[in-house]
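The primary structure of each chain is shown beneath.
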Amino acid sequence: MDRLELTDLTRVLRFWGGQDEGVELNEDTLDLYWMELGYDCLSVLQTTGYIERKFDILLDGELLEAADTPRRYLALVNSVLGARAAV
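Just so we're clear, the structure is a prediction, and the values are computed from it rather than from any experiment.

Analysis parameters
- Residues numbered from 1 in each chain as written.
- Predicted model: local features only at pLDDT ≥ 70, side-chain atom pairs only at ≥ 80, totals over all residues.
- Heavy atoms only, no water.
- Helix = DSSP H or I, 4+ residues; strand = E, 2+ residues; numbered from the N terminus.
- Rg over C-alpha atoms; globule rule 2.2 N^0.38 Å.
- Buried < 20%, exposed > 50% of the residue type's maximum accessible area, 1.4 Å probe, protein only.
- Contact = heavy atoms within 4.5 Å.
- Expected span 1.5 Å × (residues − 1).
- 1 Å grid on protein atoms, 1.4 Å probe; cavity = no way out; pocket = protein on both sides within 12 Å on 5 of 7 lines; lining within 4 Å.
- Points joined across faces, edges and corners; volume = space filled by probe spheres on them.
- Nonpolar A, V, L, I, M, F, W, Y, C, P; charged D, E, K, R; others polar.
- Phe/Tyr/Trp six-rings, centres within 6.5 Å; stacked < 30°, edge-to-face > 60°.
- Lys NZ or Arg CZ within 6 Å of the ring centre and 35° of its normal.

Caption draft 1: Representation of the overall build of the protein. Helix and strand counts for the protein come out as 4 helices and 0 strands. Of the regular secondary structure in the protein, the N- to C-terminal order runs α-α-α-α. Relative to its length of 87 residues, the protein is compact, with a C-alpha radius of gyration of 12 Å against a globular reference of 12 Å. For the protein, the C-alpha atoms occupy an extent of roughly 40 × 25 × 20 Å along the three principal directions. Burial status across the protein gives 40% buried among its 87 residues. When contacts within the protein are restricted to residue pairs at least 6 apart in sequence, those whose partners lie at least 24 apart make up 62%.

Caption draft 2: Molecular detail of the side chain of asparagine 78. As for its placement among the helices and strands, asparagine 78 is situated in helix α4 (residues 70-86). With sequence-adjacent residues up to four places away left out, asparagine 78 is seen in contact with Arg3 and Leu4.

Caption draft 3: Focus on helix α1 (residues 6-17). Helix length check: α1, at 12 residues, gives a terminal C-alpha distance of 15 Å against a target of 16 Å (1.5 Å per residue), a fit within 8%. Those residues of α1 not exposed but buried are Leu6, Asp8, Leu9, Thr10, Val12, Leu13, Arg14 and Gly17.

Caption draft 4: Fine view of the layout of surface pockets. What the largest pocket holds in volume is close to 240 Å³. Along the walls of the largest pocket sit 13 residues, with Trp34, Cys41, Val44, Leu64 and Ala67 positioned nearest its centre. Contributions of two or more residues to the lining of the largest pocket are made by α2 (41-55) and α3 (61-66). Split by residue class, the lining of the largest pocket holds 9 nonpolar, 1 polar and 3 charged.

Caption draft 5: Here's a closer look at unusual backbone geometry. The phi dihedral of aspartate 56 falls on the positive side, at around 55°, and the residue is not glycine. Position of aspartate 56 among the secondary structure elements: in the loop between α2 and α3.

Caption draft 6: Molecular detail of the packing of aromatic side chains. Within this structure, the stated rule accounts for 4 aromatic pairs. Both rings, one in tryptophan 34 and one in tyrosine 39, keep their centres 6.2 Å apart while their planes meet at 85°; by these two values the pair is edge-to-face. A residue is classified by how much of its surface remains accessible, and tyrosine 39, at 1% relative accessible area, is buried. The ring centre of phenylalanine 55 lies 5.9 Å from the NZ or CZ of lysine 54, which sits over that ring.

Structure follows, in structure tokens:
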């Protein structure tokens, strides 16, 4: 797989973030901050660890700090996946 989709991110966040089914990631919530969606930094960190293992990638910590919304997070992960696929 060379792309992380919003549905995949939602599923992983729900598992690792312990969030109930009530939090729905969609086009309307892509630009909300993680905290506004009910996810803390530990939830995002655990999600990141899972994604790094699943896709065999390493995400830059400084760039992850700027990935403070689902849209920015997806863009970061997909840029790394795209760069890897281009090699």
